[in-house]
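One-letter residues, chain by chain:
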Amino acid sequence: MTERLGPRDITRAASMLRDGKLVAFPTETVYGLGGDATSDQAVAAIFAAKGRPRFNPLIIHLADAEASAALVTFDDRAKRLARTFWPGPLTLVLPRRPDCPVSLLASAGLDSLALRVPAHPVARALLHTAAVPIAAPSANRSGRLSPTDAAHVVADLDGRIAAVLDGGPCPIGIESTVLDLTGARPRLLRPGGVPAEQLEAMLGPIAAPEPDVAPRGPGMLRSHYAPALPVRLHATTVAAKEALLAFGAEVPAGAAAILNLSPAGDLAEAAAHLFSYLRALDRPDLCAIAVMPVPERGLGRAINDRLRRAAADRLPRHD
Ligand code: TXA
Ligand code: MG
C-alpha cells in the first residue's frame, strides 16, 4: 500500500527516503518520484516503479546549490545560473566528479549529472531534512503525462511506491528546463519552466535541442507525455466526438468536451493547467483531443514541446 502523507509528515517522509524507500513529493514543476540518489537499490527501484528504460538518466534534487560542489564540477556559467535561477525550475547537466557519491545508475552510464534545486516549500523541507541527494524523475508511469497533483501520482503508481506526500497542485505545472553545460556552448536539452529567452539573456546564444539523439537527451525521445487518445495539433475547428483543449478567447464551437488552458491567453496559466487538462480530456468515449495553437514564446515553447510529443507516433514509448 502507498501511504498518503501531508506537509506535516516531512520527518516521516524524509526517514523513509533515508531507509531507501520511494516517496513521491511535490515540486513547483511536477510531482517527483524520489529515492536516495546514493543508493543503487533505491535508484534501481525508481526505474522499476516507473517502468523506465535504464538508459534514461535521472535528475538529482538538492536542498541548496552548495550541495552540488561534492557531486559535479561547477563552472562560472553554472554559478551565475544557480545564483539567478535556483531554487527554481532549471536543471543543469554538469560533469560528474570522479568521487561523486551518486549511484552510477542515476546517470545511466554518462559522465555527467543533472542537478536541480527545487523551489517548492514542501520539496525544500523534505530535501533539507533527508540531507541526502534525491533522485527524482516525474512521478508517472513511463510514457504517460507528468503528474501535477497527488491524485495523478496515485492513479499511476499506487501500490508501487511507499508514500506520496500531498502538497496540492504544482504551481508551474510543466517540467524544469534542462540545460547541458558539459560542452563549450550551452545546449538546451528540454524547454521548461525557465523560458530559454531568460537563459540566453544571461549566456548569449544557446544551441537548440538535438531531436531524438541518445544518450545526450534520452528523455527527449519523440513519443512522450502521451494521453491514450490521439492528439491533433493546430486545431481551428473541432469535429464531433473530439475534445477541445482551447487557448485564448476565441474558441470554435461544437466540441464534445472542452477545457480552456487560459481564456485570457496567459502562458503561465496555460502551463499550470496543461497536464491536468490533458488527463481530464483523455476519455474513452471520445475519439481525439484537438488542441488550439499556443504561441511559440516564453513558456509557450515548453507547452508546445510537450504537445508535439503528446501528438507524436506512439511506439516505442520511453520514460
Ligand atoms: O521538473 C522536473 O524536472 C521534474 C521534477 C520532478 O523535478 N523531473 C523530471 O524528471 O522531469 P524526468 O526524469 O521526467 O526528466 C529528466 C530529464 C530526462 O529527459 C533525462 O533524459 C534528462 O532530464 N537527463 C537527466 N540526466 C541527464 C544527463 N546526465 N544528461 C542529459 N540529460 C539528462
Ligand atoms: Mg518525466
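Before any of the text, the structure's been laid out above.
Residues numbered from 1 in each chain as written. Chains lettered and ligands numbered in written order. Predicted model: local features only at pLDDT ≥ 70, side-chain atom pairs only at ≥ 80, totals over all residues. Heavy atoms only, no water.

*Asks:* Describe the pattern of salt bridges, naming the residues involved and giving the relevant values.
*Replies:* Between side chains of opposite charge, pairing is possible as soon as their charged atoms come close. Considering all chains together, one arrives at 14 salt bridges under this definition. The salt bridge partner of Arg77 is Asp75, with a shortest N-O separation of 2.9 Å. What makes Arg77 buried here is its relative accessible area of 17%. In this structure, Arg309 engages Asp305 in a salt bridge whose closest nitrogen and oxygen atoms are separated by 2.6 Å. Taken together, the residues Arg309 and Asp305, both in helix α8 (residues 299-311) and four residues apart, mark about one turn of the helix. Through salt bridges with shared partners, one network takes in Glu175, Asp305, Arg306 and Arg309. (Salt bridge = Lys/Arg side-chain N within 4 Å of Asp/Glu carboxyl O. Buried < 20%, exposed > 50% of the residue type's maximum accessible area, 1.4 Å probe, protein only. Helix = DSSP H or I, 4+ residues; strand = E, 2+ residues; numbered from the N terminus.)

*Asks:* Break down the side chain of His120 for me, with residues and values.
*Replies:* Following the sequence through the fold, His120 ends up in the loop between β6 (112-116) and α4 (121-130). Of note is the side chain of His120, whose polar atom sits 3.0 Å from the backbone nitrogen of Val122. The contacts of His120, once residues within four sequence positions are left out, are Pro26, Thr27, Glu28, Gly167 and Pro171. (Polar contact = N/O pair within 3.5 Å; in protein donor to acceptor, adjacent residues only side chain to side chain. Contact = heavy atoms within 4.5 Å.)

*Asks:* Could you give an account of α4, naming the residues involved and the relevant values?
*Replies:* Those residues of α4 that sit buried are Val122, Ala123, Leu126, Leu127 and Ala130. In a view along the axis of α4, the buried residues occupy a sector of 125 degrees, so they form one face of it. Of the exposed residues in α4, the ones pointing more than 90 degrees away from its buried face are Pro121 and His128. On its buried face, α4 is in contact with α1 (10-18), β2 (23-25), β4 (59-61), β7 (134-135) and β8 (163-165). Following α4 by one or two positions, Ala131 has its phi on the positive side, about 55 degrees. (Arc of directions from axis to C-beta.)

*Asks:* Kindly report on the pairing of strand β3 (residues 32-36), identifying the contributing residues and their values.
*Replies:* Taken across its five residues, β3 has five buried, putting it largely inside the fold. Residues of β3 alternate between two faces, with Gly32, Gly34 and Asp36 on one and Leu33 and Gly35 on the opposite face, all of them buried. Of the pairings in the sheet, the one linking β2 to β3 comprises three bridges and is antiparallel in character. Each bridged residue has a counterpart across the sheet, and for Ala24 the counterpart in β3 is Leu33. Linking β2 back to β3 in an antiparallel pair, the connection comprises six residues. (Pairing = 2+ DSSP bridges.)

Worth remembering: the numbers are spatial, not functional.
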